[in-house]
Amino acid sequence: MAEHQQVKESRVVKVDSQESWDFFISQATNQGCPVVVHFTASWCIPSVAMAAFFEELALNYQDMLFLVVDVDEVKEVASKMEIKAMPSFVLMKEGTQVDKVVGANPDEIKKRTEAFVSSFRSQYKMTKNM
């Protein structure tokens, strides 16, 4: 019997230039969508190891935008966001950083993302009901 592999479509969007960064952040800001960014590097083993976790996180939070930025490919963005170590995970709202986790710590990233989403959703409900 042949094995069937389910192909999952990635919800993580790769940023490949300053222009695409500006576009995605602008779109998310205009739509009131929170953003989670994984700053990575191909040579950084912990960063590479966190990719599958980040994909899974993106599947669990459909109402957020998940971006991945290779710091060597898009140096301007990494510099602008003051990324000094990989992996770094940045939570953004309205184009502004609201939290940052440095290092391969899945539990902490998940915890902070959950808190971020909860605060975002409750704030959204409040403004929607006004």
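This text follows the structure it describes.
Residues numbered from 1 in each chain as written. Predicted model: local features only at pLDDT ≥ 70, side-chain atom pairs only at ≥ 80, totals over all residues. Heavy atoms only, no water.

Here we come to helix α1 (residues 18-31). Helix length check: α1, at 14 residues, gives a terminal C-alpha distance of 20 Å against a target of 20 Å (1.5 Å per residue), a fit within 8%. Buried residues of α1: Q18, S20, W21, F24, I25 and A28, and no others. Axial view of α1: buried residues confined to an arc of 165°, hence all on one face. Residues of α1 that are exposed and point over 90 degrees away from its buried face: E19, N30 and Q31. Taken together, the buried residues of α1 touch β1 (12-15), β2 (35-40), β3 (65-70), α3 (75-80) and β4 (88-93). Positive backbone phi, approximately 65°, marks G32, located one or two places after α1. (Helix = DSSP H or I, 4+ residues; strand = E, 2+ residues; numbered from the N terminus. Expected span 1.5 Å × (residues − 1). Buried < 20%, exposed > 50% of the residue type's maximum accessible area, 1.4 Å probe, protein only. Arc of directions from axis to C-beta. Contact = heavy atoms within 4.5 Å.)

A few words now on helix α2 (residues 45-60). Taking 1.5 Å per residue, 16 residues should reach 22 Å; α2 reaches 24 Å between its end C-alpha atoms and fits that length. When the local axis directions of α2 are compared, the greatest deviation, roughly 35°, occurs at A51. (Bend = angle between axes of the 7 residues up to and from the residue.)

Tallied over the full model, the rule gives 4 aromatic pairs. Centroid distance W21 to F39: 6.1 Å. Interplanar angle 45°. Geometry classified as tilted. In this pair, W21 sits in helix α1 while F39 sits in strand β2, placing the two residues 18 residues apart along the sequence. Through successive ring pairs, a cluster of aromatic residues spans F54, F66 and F89. (Phe/Tyr/Trp six-rings, centres within 6.5 Å; stacked < 30°, edge-to-face > 60°.)

A word on the sheet that holds strand β5 (residues 96-102). Picture the strands of a sheet paired through backbone hydrogen bonds; they go either parallel or antiparallel. If you trace the 5 strands from one edge of the open sheet to the other, you get β1-β3-β2-β4-β5, paired in mixed fashion. Whereas interior strands pair on both sides, the edge strands pair on one side only; in this sheet they are β1 and β5. Taken over all neighbouring pairs, the strand axes of this sheet differ in orientation by 25° on average, direction set aside. Across 5 bridges, the pairing between β2 and β4 is antiparallel. Following the sheet pairing, V35 is matched in β4 by M92. Here α1 sits on the sheet and contacts β1, β2, β3 and β4; the angle it forms with β3, its principal contact strand, is near 165°. The strands that α2 touches are β1, β2, β3 and β4; relative to β2, the one it contacts most, it runs at about 165°. (Pairing = 2+ DSSP bridges. Axes fitted to C-alpha atoms, helices over the stretch in contact; angles between N-to-C directions.)

Within the structure shown, the criterion is met by 4 salt bridges. The salt bridge involving K14 is made with E73; its shortest N-O contact spans 2.9 Å. Of this pair, K14 sits in strand β1 while E73 sits in the loop between β3 and α3, and the two are 59 residues apart along the sequence. Each of D99, E108, K111 and R112 takes part in salt bridges that share partners, so that together they form one network. (Salt bridge = Lys/Arg side-chain N within 4 Å of Asp/Glu carboxyl O.)

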